[in-house]
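Observations on chain architecture
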Amino acid sequence: MGCGFTSYSKSIRPWPLIAAGPLSLALPALAPALGLTLDELLGQPVIKHAGKRGPAPRLMQHFERVSQLPRPKQRLVMEMLEAVLAQPSR
């Protein structure tokens, strides 16, 4: 006589990972559904900004415009900026 347990070892199969698709594709949709950011869902530290951010500072607007310039002009701007920054502060 047996111990009363039925063996299911042949009927248990590995979880079908392919049927659900890669987990990395599901996470971006899962995070907002849970009311979380993707970083929060993955357990990463989240930096919360106090209040509402206003318009980009003027300097950041200039850097954005410089990033749209052709590479040679970008290098020229960088050289001028580095020259100014290399001068001793007053």
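Keep in mind that what you see is a predicted model, and the values were worked out from it rather than measured.

Quick notes on the side chain of Gln 74
If you trace the backbone, Gln 74 turns up in helix α5 (residues 71-86). Here Gln 74 is in contact with Val 66, Ser 67, Gln 68 and Leu 69, once residues within four sequence places are set aside.

Here's the deal with a nonpolar patch on the surface
Among the surface-exposed residues, Leu 30, Leu 34 and Leu 36 lie close enough to one another that they form a single nonpolar patch of about 240 Å² accessible area. For Leu 36, the position within the fold is in the loop between α2 (23-33) and α3 (38-41).

What about the environment of Gln 74?
Judged by its relative accessible area of 15%, Gln 74 falls in the buried class. Placed eleven residues apart in sequence, Gln 74 and Phe 63 show a C-alpha to C-alpha distance of 9.7 Å. Side chain to side chain, Gln 74 and Arg 71 meet in a polar contact 3.0 Å long.

What counts and what doesn't
- Residues numbered from 1 in each chain as written.
- Predicted model: local features only at pLDDT ≥ 70, side-chain atom pairs only at ≥ 80, totals over all residues.
- Heavy atoms only, no water.
- Helix = DSSP H or I, 4+ residues; strand = E, 2+ residues; numbered from the N terminus.
- Contact = heavy atoms within 4.5 Å.
- Patch = residues over 30% accessible without salt bridge, like charges linked within 9 Å, V, L, I, M, F, W, Y side chains within 5 Å.
- Areas by Shrake-Rupley, 256 points an atom, 1.4 Å probe, with all protein chains shown as cover.
- Salt bridge = Lys/Arg side-chain N within 4 Å of Asp/Glu carboxyl O.
- Buried < 20%, exposed > 50% of the residue type's maximum accessible area, 1.4 Å probe, protein only.
- Polar contact = N/O pair within 3.5 Å; in protein donor to acceptor, adjacent residues only side chain to side chain.

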